[in-house]
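The residues making up each chain are set out below.
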Amino acid sequence: MDNHPHDAGAVSAEEQAKRQEFYDRIDAQSMAPLWERLKGLVPPEPRPSPRAHVWHFDQVRPYMMEAGALLTAEEAERRVLVLENPAMPGKSRATATLYAGIQLVLPGEVAPAHRHTASALRFVLESGGGFTAVAGEKTTMRTGDFVITPSWAWHDHGNTSSDPIIWMDILDLPVVNFFEGGFSEHHNDAAQSIGRPEDDSLNRYGNALLPIEAESPFGKSSPIFNYPFERTRASLVAVAAAGDLDPHWAATLKYSNPMDGGWAMPTIASWMTHLPAGMATQGIRSTDGIIVAVAEGRGVATIGDQKIPFGPRDIFVIPNWTQRSFQAESDCFLFCSSDRVAQEKLGLYREERATA
Ligand code: GTQ
């Protein structure tokens, strides 16, 4: 497409003043000239607002512990430090469409029960064995587990172990708030009552088996709400050992909803990528902005023209429509999340593989 179709040439100062006077008058009527705004409204290709950024866990952890000494989980409701993209200050967003934060629950604490229409996921960074309770069922949160809090499900978090638990939160808050359709409420009790055995949903839905008359308890979200790292890791190691790694995606498996084979959550797509030590991927860009948490391994991410060295538990952002590639120094397991599923549903998702 020609992006500069109708260049009508220079306009005289007199003509410009006349136009401006008109714009000022219609502004008072809550109207505006589209022709002055068209380029910004309908860009020829995405212009990412966020920028590539990394939060190194070694630097973040002391601040988490400092927050832990400052106030209790109960006082804070959620003791979270928001990961805010430096190019979008004050917006509580890591990417254009996703919120991210790091949450700390100290031994003996409870983050009280509430629910909201925003969907949340947790990726566990450090754990001696805390738990989250979702809709009457508890699950232990182990390092590397991917845990879902579906839209409108009651949830509280607790820590009955003797070590702190720290995880990354990702929520679709900017999406929900874009539609201005969000609701939330507090539970009467700090901790909800538990009515089912631990990992009941994983046993019913998580072994490539389903209840004979399966109905999802969580609507559009997966009935599984803890995808244990141990299983994900084992699958990826086997896939890599079988060979045929994709030059752009290496070994990548998406977390899926067993009810329909789609993504595990309705608004946030999550997957894990495994690069065996020494592997380097080729460039790819896609319309979704991605948040990456390093489950294991060290390497370098090249994002646009930036090189970002990463290690275990680091979190980094790949802006939308920005080329990415990875180089693994050791065996890497990268947990990734984006708004891809929402874009796919709206017919907006695109990707482009760089040719070597
Ligand atoms: O754990 O429910 O990081 O409601 C932000 C909002 C975590 C949570 C966040 C939340 C939560």
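Since this is a predicted model, take the numbers as computed values, not measurements. (Residues numbered from 1 in each chain as written. Predicted model: local features only at pLDDT ≥ 70, side-chain atom pairs only at ≥ 80, totals over all residues. Heavy atoms only, no water.)

**Student:** Sorry, what's going on with a nonpolar patch on the surface here?
**Tutor:** Taken together, the side chains of L34, L38, L41 and V42 make up a nonpolar region of the molecular surface, amounting to roughly 390 Å² of accessible area. Within the secondary structure, L38 is located in helix α2 (residues 38-41). (Patch = residues over 30% accessible without salt bridge, like charges linked within 9 Å, V, L, I, M, F, W, Y side chains within 5 Å. Areas by Shrake-Rupley, 256 points an atom, 1.4 Å probe, with all protein chains shown as cover. Salt bridge = Lys/Arg side-chain N within 4 Å of Asp/Glu carboxyl O. Helix = DSSP H or I, 4+ residues; strand = E, 2+ residues; numbered from the N terminus.)

**Student:** Sorry if this is basic, but what is going on with the sheet that holds strand β11 (residues 184-186) here?
**Tutor:** In space, the five strands of this open sheet follow the order β7-β6-β9-β4-β11, with antiparallel pairing throughout. With one partner strand each, in any of the chains shown, β7 (137-141) and β11 form the two edges of the open sheet. Between one strand axis and the next, the sheet turns by 25° as a mean value, whatever way the strands run. For strand β4 (residues 110-116) and strand β9 (residues 155-158), the ladder comprises three bridges, and the chain directions are antiparallel. Its bridge partner being in β9, H114 is matched across the sheet by H155. (Pairing = 2+ DSSP bridges. Axes fitted to C-alpha atoms, helices over the stretch in contact; angles between N-to-C directions.)

**Student:** Even after reading the chapter, I still don't get helix α3 (residues 57-70), so can you show me in this structure?
**Tutor:** Between its first and last C-alpha atoms α3 spans 20 Å; for 14 residues at 1.5 Å apiece the expected length is 20 Å, and the two agree. Every buried residue of α3 is accounted for by F57, V60, M64, A67 and G68. For α3, the angular spread of the buried residues around the axis is 105°, confining them to a single face. Pointing more than 90 degrees away from the buried face of α3 are the exposed residues D58, Q59, Y63, E66, A69 and L70. Each element contacted by the buried residues of α3 is listed here: β1 (53-55), β2 (80-82), β3 (99-105), β5 (120-126) and β10 (165-171). (Expected span 1.5 Å × (residues − 1). Buried < 20%, exposed > 50% of the residue type's maximum accessible area, 1.4 Å probe, protein only. Arc of directions from axis to C-beta. Contact = heavy atoms within 4.5 Å.)

**Student:** What should I look at first to understand the pairing of strand β17 (residues 299-303) in this one?
**Tutor:** Sheet faces and side chains relate simply in a regular strand, where the side chains alternate between the two faces. For β17, the tally of buried residues reaches five of five residues, placing the bulk of the element in the interior. The alternating pattern of β17 places G299, A301 and I303 and V300 and T302 on opposite faces, both of which are buried. The pairing of β17 with strand β18 (residues 306-310) spans five bridges and is antiparallel. Of the residues in β18, the one forming a bridge with I303 is Q306. Between the end of β17 and the start of β18, which pair antiparallel, lie two residues, with G304 showing a positive phi angle near 60°. Examined bridge by bridge, β17 and strand β20 (residues 324-328) share five bridges and lie antiparallel to one another.

**Student:** I would appreciate a short explanation of the nonpolar core in the present structure.
**Tutor:** Generally speaking, soluble globular proteins have nonpolar side chains that are buried together. Counting 43 residues, the largest nonpolar core has F146, M168, M272, I315 and F335 as the members making the most contacts within it. Apart from residues no more than four positions distant in its own chain, I315 is found in contact with H53, V54, W55, L83, I102, L125, M168, I291, V292 and A293. If you look at the next biggest cluster of nonpolar residues, it comprises 25 residues, including W249, W271, I308 and F326. (Core = buried A, V, L, I, M, F, W, Y, C linked by side-chain atoms within 4.5 Å.)

**Student:** Is there a simple way to explain the site of the ligand in this structure?
**Tutor:** Near the ligand the following residues occur: R78, V80, Y99, Q103, H114, H116, R122, H155, H157, D169 and L171. Between Q103 and the ligand, the recorded distance is 3.3 Å, taken from a side-chain N or O atom to an oxygen atom. One of the side-chain nitrogen or oxygen atoms of H116 is found 2.9 Å away from an oxygen atom of the ligand. For the shell around the ligand, the secondary structure elements donating two or more residues are β3, β4, β9 and β10. Residue classes in the shell around the ligand are distributed as three nonpolar, five polar and three charged. (Near = heavy atom within 4 Å. Polar contact = N/O pair within 3.5 Å; in protein donor to acceptor, adjacent residues only side chain to side chain. Nonpolar A, V, L, I, M, F, W, Y, C, P; charged D, E, K, R; others polar.)

**Student:** How should I be thinking about the side chain of H248 in this particular structure?
**Tutor:** Note that H248 resides in the loop between α7 (229-241) and β13 (251-254). Assessed through its relative accessible area of 9%, H248 is described here as buried. For H248, the side chain forms a polar contact with the main-chain oxygen of Q282, separated by 3.4 Å. Not counting residues up to four positions away in its chain, the partners in contact with H248 are T281, Q282, G283, I284, R353 and A354.

**Student:** I keep staring at the sheet that holds strand β16 (residues 290-296) and nothing clicks. Help me out?
**Tutor:** Hydrogen bonds between backbone groups are what pair the strands of a sheet, and the pairing can be parallel or antiparallel. Here six strands make up an open sheet; going across it, the order is β1-β19-β16-β21-β14-β13 and the pairing antiparallel. Since the sheet does not close on itself, it has two edges, and those belong to β1 and β13, each with one partner. In this sheet, neighbouring strand axes are inclined to one another by 25° on average, regardless of whether the strands run parallel or antiparallel. Relative to strand β21 (residues 332-338), strand β14 (residues 269-275) runs antiparallel, the two being bridged by seven bridges. Note on β21: the bridge partner recorded for T273 is L334.

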